[in-house]
Amino acid sequence: MAEEDYGSFVDWNQMGDLAKSSGPTKVDTKDLKEFKRMARQGYWAKNHKLRAQVYQQLIKAIPCRTVTPDAAVYRDIMGNAATKKTSTNVPLPEFVDGNPIPRYCLKPEAVASAHQIINCLAGHFPDISHCPALPAVTSLLLHFSVDEAQCFEHVSRILACNEPGKRLIDQTFLAYESSCMTFGDLANKYCTAAHKLIVATAQDVMDVYSDWQRWVLGDLPFSHVVRVLDVYLVEGYKVLYRVAVALLKFYRKHKMGAEGGQGNQQQEDSNKIKADIQVFVKGIASTVTPDKLLEKAFSIRMFSRKEITLLQLTNEKSLQQKGITVKQKRSRRNVQLALNPDTFSSEIVSAKEMHDIWSWIPERFALCQPQLLFTTSTHGCSLNRFYSHCEGHEPTLLLIRTTDGDVCGAFLSTDWEERKRGGNKLSFFGTGECFVFRLKPEMERYEWIVISHPELASSIKTQAQKETATSEDQITDSNSLQQPEKPPGELSPFLSARHFNLNSKNTSMFMSGNVDSIIVGGGNGNALYIDSELNHGRTGSCTTFDNPPLCAESFQISLLEVWGFQDTMAS
């Protein structure tokens, strides 16, 4: 067959329609944007030989370390593979974390070749300590290699990529674990309904999300994962996040359909949920085509590679500070909320409700447990005492119960001490990780408008240009509010307003306070306004969170609590 040079490892009887080459036979462009368009559209998807040639071209263009082992190195070490009998009995390196080599329509002897290639890679990349995606990547590239040596070279270049800011494959436990946390953050923000389903049904959400890479590189059928590989080799690591979020969306749709739109709300062992997702992903071809999967993945309005990188680095830093840099030998470290229902005590929310709130917060705080900092029932109704107990803690969670029995609150990303930078003048601070919510009468979260409705954020005009503010409205007038910027090293690098070109400061009014009041959210109203006696409050729609009133627009406070985040891993 015409593809035999690039298909010697392939069991063509299992390839189905992919065994029949059709479509274009060459790619004439070297322009990256054009490659991106062609990859997403599947330009070379129906021609095995062309796909192999494109992969070779893309991989050769990857900037690598000065000394990167190539095909010649492999041949020098292994000799002529054609005359040697390889075996799958040779164990894979420990750093693949027990992940087997996916068959992906390969011949049985090709799986043995993949074993040999990975073990050779282990000898040339001694700095790899955790790389569970390597078996899948090696198996995929064998499809499009003329021999083991070429596959070895291609995988080596992916591992040795040294382009600044470009990430292709995790090679340490720290990088892998932070990627799981980052995926949790992305699922929380861009796949809210599916995330709620996982929170409601799995005892350990992070344990479920620890499989996110395997969904894409391991569980997806070959016809789907090879289309992902087309785009991944052009656009990089962010493609894996997009596809995994799309899979989570499809999984939720599948569960809701299978259970009559109700979904199973009973919590189960996380391993059962993980197995259920794995079965769904492996069988996805019956309901979702490869093109439909990619269409869904790229229809998700996510942040740029820069924003994802910043979040990944922040999660890595959080793990480093907690001493989690290597995989535990006996079992995966549990990074779920360590909340004991028997000891947790709040006068406003139950342990179950606090668990639900915890599912909304950034993943780097998943290792923390709630720590009561301030409560009006103990510390009294004093704003000064509120500040004295909350300063020095970042982030914090504000909970309010009104005399009508409504419960609402806010997750606040920044230390309240930051308010002092504006003197006694109201000045907004904080980051876009802030959000407001209500629990009763119904549970709902309202995020920064740049996350939830980016198209609205880009069109909002400064309210000060449209109207003259009254004395009360000046609280939300961007001209009357200073927005001091913390030094770069002190501000949360993810979702900081300084990373976005916003048309209006009203879209980034997160939190503010002085001796007279505290405010959450601004721009044409406040999500929350609380007076100095912590007795009376107001709530309304605001531009920053695009929220409705969180309870009655004018309310009396029955009880107010502030919770911090205690590091359970600290010695």
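Everything quoted here is computed from the prediction, not taken from an experiment.

Each value, and the rule that gives it
- Residues numbered from 1 in each chain as written.
- Predicted model: local features only at pLDDT ≥ 70, side-chain atom pairs only at ≥ 80, totals over all residues.
- Heavy atoms only, no water.
- Helix = DSSP H or I, 4+ residues; strand = E, 2+ residues; numbered from the N terminus.
- Buried < 20%, exposed > 50% of the residue type's maximum accessible area, 1.4 Å probe, protein only.
- Areas by Shrake-Rupley, 256 points an atom, 1.4 Å probe, with all protein chains shown as cover.
- Polar contact = N/O pair within 3.5 Å; in protein donor to acceptor, adjacent residues only side chain to side chain.
- Contact = heavy atoms within 4.5 Å.
- Core = buried A, V, L, I, M, F, W, Y, C linked by side-chain atoms within 4.5 Å.
- Expected span 1.5 Å × (residues − 1).
- Arc of directions from axis to C-beta.
- Phe/Tyr/Trp six-rings, centres within 6.5 Å; stacked < 30°, edge-to-face > 60°.
- Lys NZ or Arg CZ within 6 Å of the ring centre and 35° of its normal.
- pLDDT = per-residue confidence, 0-100.
- Pairing = 2+ DSSP bridges.
- Salt bridge = Lys/Arg side-chain N within 4 Å of Asp/Glu carboxyl O.

S.K.: What should I look at first to understand the overall build of the chain in this one?
M.R.: A count of helical and extended segments in the chain gives 20 helices and ten strands. Taken across its 571 residues, the chain has 58% of its residues classed as buried. As presented, the chain carries roughly 23,900 Å² of accessible surface, and 46% of it is formed by carbon and sulfur atoms.

S.K.: It is not clear to me how the side chain of Q213 should be interpreted in this structure. Could you clarify?
M.R.: Along the chain, the position of Q213 falls in helix α10 (residues 212-219). Q213 sits in the buried class, given a relative accessible area of 6%. Among the polar contacts made by the side chain of Q213, one reaches the side chain of Y237 at a distance of 2.9 Å. Apart from residues lying up to four places away in sequence, Q213 is in contact with A133, D170, Y176, S179 and Y237.

S.K.: I'm lost on the nonpolar core in this one. Help?
M.R.: In globular proteins that are soluble, nonpolar side chains generally tend to be buried together. Of all hydrophobic cores here, the largest spans 149 residues; its most connected members are F183, I198, W215, L220, V243 and F386. Per-element accounting of this core gives the leading share, eleven residues, to helix α12 (residues 238-258). Those residues within four positions of I198 in sequence are excluded, and the remaining contacts are V205, V208, Y209, L248, Y251, I273 and I277. Counting residues in hydrophobic clusters, the runner-up holds 21 residues, among them L397, F437, L439 and L559.

S.K.: Just checking my understanding: could you explain the environment of E433 for this structure?
M.R.: Within the fold, E433 resides in the loop between β3 (407-412) and β4 (435-440). By relative accessible area, E433 is classed as buried at 3%. Considering only alpha carbons, one finds E433 and L412, 21 residues apart in sequence, at a separation of 7.6 Å.

S.K.: Just checking my understanding: could you explain helix α13 (residues 270-282) for this structure?
M.R.: Between its terminal C-alpha atoms α13 stretches 18 Å, which fits the 18 Å expected from 13 residues at 1.5 Å a residue. Listed as buried for α13 are S270, I273, K274, I277, F280 and V281. On an axial view of α13, the arc spanned by its buried residues comes to 125°, and they lie on one face. Facing away from the buried side of α13 by over 90 degrees, the exposed positions are K272 and V279.

S.K.: How should the packing of aromatic side chains be read in this particular structure?
M.R.: Each aromatic ring pair is summarised here by two numbers: the centre-to-centre distance and the angle between the ring planes. Summed over the entire model, instances satisfying the criterion amount to 24 aromatic pairs. With a centroid separation of 6.1 Å and 90° between ring planes, the pair formed by W360 and F435 is classed as edge-to-face. Of this pair, W360 sits in the loop between α16 (351-358) and β1 (368-375) while F435 sits in strand β4, and the two are 75 residues apart along the sequence. On the accessibility criterion, F435 (2% relative accessible area) is buried. An aromatic cluster is defined as three or more aromatic residues linked by ring pairs; in this entry it consists of F183, Y209, W212, W215, Y237 and Y241. The ring of Y237 is capped by R167, whose NZ or CZ atom sits 4.9 Å from the centre of that ring. Residue placement shows R538 over the ring face of Y529; its charged tip is 3.9 Å from the ring centre.

S.K.: Please explain helix α4 (residues 108-124) as it appears in this structure.
M.R.: Every α-helix carries 3.6 residues per turn, so stepping three or four residues along brings you back to the same face. Here α4 spans 25 Å end to end across 17 residues, near enough to the 24 Å set by a 1.5 Å rise per residue. Within α4 the residues assigned to the buried category are A110, V111, A112, S113, A114, H115, Q116, I117, I118, C120 and L121.

S.K.: When you look at the side chain of H48 in this model, what are you seeing that I'm missing?
M.R.: Position of H48 among the secondary structure elements: in helix α2 (residues 48-60). The exposure class of H48 is buried, given its relative accessible area of 5%. A distance of 2.9 Å separates a polar side-chain atom of H48 from the backbone oxygen of H143.

S.K.: Mind showing me how you'd approach the confidence of the model for the chain here?
M.R.: Note: predicted coordinates in regions of low pLDDT should not be interpreted at a detailed level. In the predicted model, the chain carries a mean pLDDT of 83, and 82% of its residues have values of at least 70. Segment residues 328-337: pLDDT under 50, and 27 contacts once partners within four positions in sequence are set aside and those in other chains are kept. For residues 461-494, every residue scores under 50 in pLDDT, and the model assigns this stretch 81 contacts once sequence neighbours within four places are set aside.

S.K.: I keep staring at the pairing of strand β10 (residues 554-567) and nothing clicks. Help me out?
M.R.: Two faces, one strand: in a regular strand the side chains alternate between the faces of the sheet. Sheet analysis places β1 next to β10, joined by seven bridges and oriented antiparallel. Each bridged residue has a counterpart across the sheet, and for T375 the counterpart in β10 is E561. Strand direction decides the pairing type here: strand β2 (residues 396-402) and β10, joined by six bridges, are antiparallel. Counterpart to L398 in the pairing with β10 is V562.

S.K.: What exactly am I supposed to notice about the pattern of salt bridges here?
M.R.: Two side chains that carry opposite charge are able to pair once their charged atoms sit near each other. Under the defined criterion, the tally for this structure stands at 22 salt bridges. A salt bridge links R167 to D170; its shortest N-O distance comes to 2.6 Å. Accessibility expressed as a relative area gives 24% for R167, which makes it partly exposed. When the shortest N-O distance is used, the salt bridge between D230 and R227 registers 3.2 Å. Highlighted residues: D230 and R227, both in helix α11 (residues 222-235), separated by three residues, approximately one helical turn. With respect to burial, D230 and R227 carry one shared label: buried.

S.K.: For this particular structure, what's the right way to read unusual backbone geometry?
M.R.: Backbone phi values are negative for most residues with the exception of glycine, while trans is the configuration of most peptide bonds. Here the residue pair E394 and P395 is connected by a cis peptide bond, since its omega of 0° sits within 30 degrees of zero. You can see P395 is positioned in the loop between α18 (383-390) and β2. Residues other than glycine seldom take positive phi values, yet N524 does so here, at roughly 65°. Among the secondary structure elements, N524 is positioned in the loop between β7 (517-520) and β8 (528-531).

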